[in-house]
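Here are the chains, one letter per residue:
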Protein chains: 2
Amino acid sequence: MSAPEAERLARVGLSLLTEPGDPRVAAVVGEVGAQALYANVLQQRADRPSREIRDDAASRTGGKDPAGELADAARAGLRFVVPGDTEWPDQLDDLAHVPVLQQRGGPPLGLWVKGPLRLDALARSVAVVGSRSATTYGADAAAELAAVVARAGCPVVSGAAFGIDQAAHRGALGGGGQTVAVLACGADRIYPQAHRDLLEHLAREGAVVSETAPGGAPMRIRFLSRNRIIAALTSGTVLVEAAVRSGALNTANWASRLQRPLMGVPGPITSAPSQGVHQLLRAGAATLVTSGAEVLEVVAPMGEHVVEEPRGRERSRDRLSTKDQQVLDAVPVQRSVGTDSIARTAGLAMLTVASALDRLRAGGFVERVEDGWRLAALAHE
Amino acid sequence: MSAPEAERLARVGLSLLTEPGDPRVAAVVGEVGAQALYANVLQQRADRPSREIRDDAASRTGGKDPAGELADAARAGLRFVVPGDTEWPDQLDDLAHVPVLQQRGGPPLGLWVKGPLRLDALARSVAVVGSRSATTYGADAAAELAAVVARAGCPVVSGAAFGIDQAAHRGALGGGGQTVAVLACGADRIYPQAHRDLLEHLAREGAVVSETAPGGAPMRIRFLSRNRIIAALTSGTVLVEAAVRSGALNTANWASRLQRPLMGVPGPITSAPSQGVHQLLRAGAATLVTSGAEVLEVVAPMGEHVVEEPRGRERSRDRLSTKDQQVLDAVPVQRSVGTDSIARTAGLAMLTVASALDRLRAGGFVERVEDGWRLAALAHE
């Protein structure tokens, strides 16, 4: 199923004329529809051909009309997915119901997509985000989590920045899973340049996505808009490393507003890139996770992924009586000793100790040797 | 104020004849009093002089009577603090109201103490505990936390083991504060031997404390008993590193039972010694703390220690309008550019950009140069 062509073109037109994430645009589109708003904008331009407005529009569109822009984009391998398309990820509509943050908000007009992965396959995706200035610890943690999550069939979504973003994609690809980059600039652009290979790989095998029209520059405000798309596309956000004022906290904030599970990976308290995560954990805003399995447990439908808590080996000595444990504790680790010595150490009568040693020998905890008793292999661990 | 001498002697007698933390002893003492129980035990021994009981008693007491033991202890610099003494730390009485754990429980009969620090000064103390096999990260974190806590006038309480215990004492001493070691063996013993200097230092300047009678050996079961004393003496317990089956989790468990605040210091998810802490944090059993100040905030009376959350520098750019920010973002970092180029990058009309640049120049964000505009120092951070 596809949205009507007029609807798509109106959204392309608005995408060319407005800034991504402008909450006024989303609000009016929500109220009167994209076609009505686009018609109004065109009418305004015709009615008030002031130089400033003409310039603004010309600067934005580069003089292109929506159909021409769409055709150009298609030639560059991009499609514009809008509400009404089968591929439209319905979860984005939740953005209509949450308050504006840093003057950004609302569902996007559509998403420009490059790559074979369909956006409607992202219902169970997981965002793995964090600091550009990640530590090797953080990058490794992100890659490992992303690998486990992607291997379990949950696509990973992140930005395309250095640090955690890059590590998340690397991990997901290494895990043989699917991964998606959401950009602040146009989906046809390579930013940062150093990630050309990564972005080209994602455009071939996964998807590169942006709300910004093709050719759009990666501006600061567009990162704020982009972050809400990452949070809204996914069924949960994992924050791996984020300094106190990291942009990743903005994504985390969007996840919370959207009531999507927000998870945080702890790190050393001495590590500045973990401070922002620790703050969220302390505030109770995020759940502490230490593995991909724990992430899956949070985002997956109930009971599908239940993590078995790691636990120490069940020591058979725990099944001993208190008195037998007391006697066992009195047998030294490195040498053999007599019953009298064990009795003195344990503070028990020799007869009591003798019976206990018998039981402990039967249980394989101690061995009788020439000059007394010593620990058997089992008790050594 | 002192407890009556007969009461003290009865408790010494029971301390010599029973295992520390035996919940039956605590229960009967709670019901009929120490003197009645001690009289009954002596009567039993007289009535049933079986060889085993005689041996048990002789082995425990080494043949000493309570008064003789007390005199010997005093010569070794130890006192036996019991309920009724002014020095008795009332918070230990809470142990009467919590369930038994691993067959240990109840308030102690008394505490053997070596050192000038009075136990009634521990009402606002903080336990800092963790793994013997600590990492340098964990040890440094423990020392730093303990230093801050001790410097604020809250004595630090720990064991005397390698790893976190040792680091906590070192930190508290380095912070110029008071610190207390609670031992599983007699307070007159040096265990582990490598900590002779530390224990002697604490006995001179702080306190070395034990529920186990002087001379008693450090047995496994006594560590379990000892852990409840650490948790009960203090107004909160900080767990720094603890592997999944660390003994420190037993102390944490006691703190929870006693409804004392339990805090956990996170660490790398790749670090086995942090796994146990992360589990407690995930379970919601402990509060995540990253600094001594945060610990004080948890244990101190309301409002006395309020931690100011670290935050990034307030960037003055946050006070700019969206459009001005958009223009500022379009000014490149390393070179100067013309208004036309900025307008293209920002996707705005040149007139709009020109007005914004004027405002940005007034705010000190950009500078006019020969060939256009460049970022002023302020905008660089």
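- Identification of chain A as DNA processing protein from Nocardioides lianchengensis is taken from an unreviewed UniProt entry.
- The record in UniProt for chain A states the following under Sequence similarities (unreviewed entry): "Belongs to the DprA/Smf family."

### Some details on the overall build of chain A
Point 1. Per the secondary structure count, chain A includes 16 helices and 11 strands.
Point 2. Across the 381 residues of chain A, 55% fall into the buried class.
Point 3. Counting only contacts in chain A whose residues sit at least 6 apart along the sequence, the fraction spanning at least 24 positions is 74%.
Point 4. Per element, the accessible surface of chain A, about 15,900 Å² overall, is 50% carbon and sulfur.

### Things to note about the pattern of salt bridges
Side chains bearing opposite charge may pair, as long as their charged atoms lie close to each other.
All names here are of chain B.
Point 1. In this structure the tally under the stated criterion is 32 salt bridges over all chains.
Point 2. A salt bridge links Arg-8 to Asp-85; the shortest N-O distance between them is 2.8 Å. Placement of the pair is Arg-8 in helix H1 (residues 5–17) and Asp-85 in the loop between strand E1 (78–81) and strand E2 (111–114), with a sequence separation of 77 residues.
Point 3. Residue classification places Asp-85 among the buried residues on the basis of a relative accessible area of 10%.

### Examining the UniProt feature "domain: Smf/DprA SLOG" (unreviewed entry) in chain A
Point 1. Mapped onto the present numbering, the UniProt feature "domain: Smf/DprA SLOG" (unreviewed entry) falls on residues 80–298 of chain A.
Point 2. Between the end C-alpha atoms of residues 80–298 of chain A there is a gap of 32 Å, over a span that is 36% helix and 14% strand.

### Observations concerning the sheet that holds strand E8 (residues 262–264) of chain B
All names here are of chain B.
Point 1. Overall, mixed pairing links the nine strands, which are arranged E1-E2-E6-E5-E4-E3-E7-E8-E9 in an open sheet. Both outer strands of the open sheet, E1 and strand E9 (287–288), are each paired with one neighbouring strand and no more.
Point 2. Note: strand E4 (residues 156–158) against strand E5 (residues 179–183), three bridges, orientation parallel. Within the sheet, the bridge partner assigned to Ser-158 lies in E5 and is Ala-181.
Point 3. Sitting on the sheet, helix H11 (residues 272–282) touches strand E7 (237–239), E8 and E9, and the angle it makes with E8 is about 125 degrees.

### Some thoughts on the side chain of Glu7(A)
All names here are of chain A.
Point 1. Positionally, Glu-7 belongs in helix H1 (residues 5–17).
Point 2. Residue Glu-7 is classed as buried on the basis of its relative accessible area of 16%.
Point 3. At a separation of 2.8 Å, a polar atom in the side chain of Glu-7 contacts the side chain of Gln-35.
Point 4. For Glu-7, the residues in contact, after removing those within four places along its chain, are Ala-34 and Gln-35.

### Some details on the packing of helix H13 (residues 322–330) of chain A against helix H15 (residues 350–362) of chain A
All names here are of chain A.
Point 1. Close contact between H13 and H15 brings their axes to 9 Å; oriented N to C, the two are set at 90 degrees. The angle between H13 and H15 falls in the class roughly perpendicular. In this structure, H13 contributes Lys-323, Asp-324, Val-327 and Leu-328 to the contact, and H15 contributes Thr-352, Val-353, Ala-356, Leu-357, Arg-359 and Leu-360.

### Some words on the sheet that holds strand E6 (residues 207–210) of chain A
All names here are of chain A.
Point 1. Strand order in the open sheet formed by nine strands is E1-E2-E6-E5-E4-E3-E7-E8-E9, with mixed pairing between adjacent strands. A strand with exactly one partner marks an edge of an open sheet, and here the two such strands are strand E1 (78–81) and strand E9 (287–288).
Point 2. Strands in contact with helix H9 (residues 220–233) are strand E2 (111–114), strand E3 (126–129), strand E4 (156–158), strand E5 (179–183) and strand E7 (237–239); relative to E5, the strand with the most contacts, it is inclined by about 150 degrees.

### Observations regarding the environment of Ala187(B)
Residues and elements named next belong to chain B.
Point 1. On the secondary structure map, Ala-187 appears in the loop between E5 and helix H8 (196–205).
Point 2. In this structure, the C-alpha to C-alpha distance between Ala-187 and Leu-281, residues 94 residues apart in sequence, is 33 Å.
Point 3. Excluding anything up to four places from it in sequence, Ala-187 contacts Leu-78, Trp-112, Lys-114, Val-208, Val-209, Ser-210 and Thr-212.

### Examining helix H5 (residues 66–75) of chain B
Residues and elements named next belong to chain B.
Point 1. Along H5, the positions that sit buried rather than exposed are Pro-66, Glu-69, Leu-70 and Ala-73. Buried positions in H5, seen along its axis, are confined to an arc of 100 degrees and lie on one side of it.
Point 2. Elements that come into contact with the buried residues of H5 comprise H1, helix H3 (34–47), E1 and E2.
Point 3. In the stretch just after H5, Gly-77 is the one whose phi turns positive, near 85 degrees.

### Quick word on empty space enclosed by the protein
Point 1. One pass over the structure, following the stated rule, counts two cavities of 30 Å³ or more.
Point 2. Looking at the largest cavity, its volume works out to about 120 Å³.
Point 3. If you go around the largest cavity, you meet 15 residues; those closest to its centre are Glu19(B), Pro20(B), Gly21(B), Leu109(B) and Glu211(B).
Point 4. Counted by class, the lining of the largest cavity contains six nonpolar, five polar and four charged residues.
Point 5. For the second largest cavity, the lining is made up of 13 residues, of which Glu19(A), Pro20(A), Gly21(A), Leu109(A) and Glu211(A) are closest to its centre.
Point 6. Looking at side-chain class alone, the lining of the second largest cavity contains five nonpolar, four polar and four charged residues.

### A short note on H1(B)
Point 1. Its 13 residues place the ends of H1(B) 18 Å apart at the C-alpha level, agreeing with the 18 Å of an ideal helix rising 1.5 Å per residue.
Point 2. In terms of residue burial, H1(B) counts as a mostly covered element, since 10 of its 13 residues are buried.

### Observations concerning the packing of aromatic side chains
All names here are of chain A.
Point 1. Applying the stated criterion across every chain, the model contains two aromatic pairs over all chains.
Point 2. Taking the centre distance of 4.2 Å and the plane angle of 35 degrees together, the rings of Phe-80 and Trp-112 count as tilted. With Phe-80 in strand E1 and Trp-112 in strand E2, the pair connects residues that are 32 residues apart, well separated along the chain.
Point 3. Look at Trp-112 and you get buried, because its relative accessible area is 0%.
Point 4. Positioned above the aromatic ring of Trp-254 is the side chain of Arg-257, whose terminal nitrogen or guanidinium carbon lies 5.8 Å from the ring centre.

### Regarding the nonpolar core
Point 1. By size, the foremost hydrophobic cluster in this structure holds 74 residues, and its most contacted members are Leu239(A) and Leu239(B).
Point 2. Contacts of Leu239(A), omitting those with residues within four sequence positions, involve Val129(A), Gly130(A), Ala248(A), Leu249(A), Ala252(A), Met263(A), Gly264(A), Val265(A), Val277(A) and Leu280(A).

### Structural notes on the domain arrangement of chain A
Point 1. On domain assignment, one finds that chain A holds domain 1 (65–299) and domain 2 (322–379).
Point 2. The centre of domain 1 of chain A, based on its C-alpha atoms, is set 60 Å off from the matching centre of domain 2 of chain A.

### Here's the deal with unusual backbone geometry
Point 1. With an omega of -5 degrees, the peptide bond running from Tyr191(A) to Pro192(A) counts as cis.
Point 2. Here the phi dihedral of Gln103(B) falls at roughly 65 degrees; this positive angle occurs in a residue that is not glycine.
Point 3. Topologically, Gln103(B) is positioned in the loop between E1 and E2.
Point 4. With relative accessibility at 43%, the residue Gln103(B) sits in the partly exposed group.
Point 5. The phi angle at Gln259(B) is positive, at roughly 55 degrees, despite the residue not being glycine.
Point 6. Relative to the assigned elements, Gln259(B) resides in the loop between helix H10 (248–257) and E8.
Point 7. Given the relative accessible area of 73%, Gln259(B) is considered exposed.

What counts and how
Residues numbered from 1 in each chain as written. Chains lettered and ligands numbered in written order. Predicted model: local features only at pLDDT ≥ 70, side-chain atom pairs only at ≥ 80, totals over all residues. Heavy atoms only, no water. UniProt positions renumbered as here; feature names shortened; annotations may be inferred. Helix = DSSP H or I, 4+ residues; strand = E, 2+ residues; numbered from the N terminus. Buried < 20%, exposed > 50% of the residue type's maximum accessible area, 1.4 Å probe, protein only. Contact = heavy atoms within 4.5 Å. Areas by Shrake-Rupley, 256 points an atom, 1.4 Å probe, with all protein chains shown as cover. Salt bridge = Lys/Arg side-chain N within 4 Å of Asp/Glu carboxyl O. Pairing = 2+ DSSP bridges. Axes fitted to C-alpha atoms, helices over the stretch in contact; angles between N-to-C directions. Polar contact = N/O pair within 3.5 Å; in protein donor to acceptor, adjacent residues only side chain to side chain. Parallel < 35°, antiparallel > 145°, perpendicular 65-115°, else oblique. Arc of directions from axis to C-beta. 1 Å grid on protein atoms, 1.4 Å probe; cavity = no way out; pocket = protein on both sides within 12 Å on 5 of 7 lines; lining within 4 Å. Points joined across faces, edges and corners; volume = space filled by probe spheres on them. Nonpolar A, V, L, I, M, F, W, Y, C, P; charged D, E, K, R; others polar. Expected span 1.5 Å × (residues − 1). Phe/Tyr/Trp six-rings, centres within 6.5 Å; stacked < 30°, edge-to-face > 60°. Lys NZ or Arg CZ within 6 Å of the ring centre and 35° of its normal. Core = buried A, V, L, I, M, F, W, Y, C linked by side-chain atoms within 4.5 Å. Domains from an automatic or database assignment.

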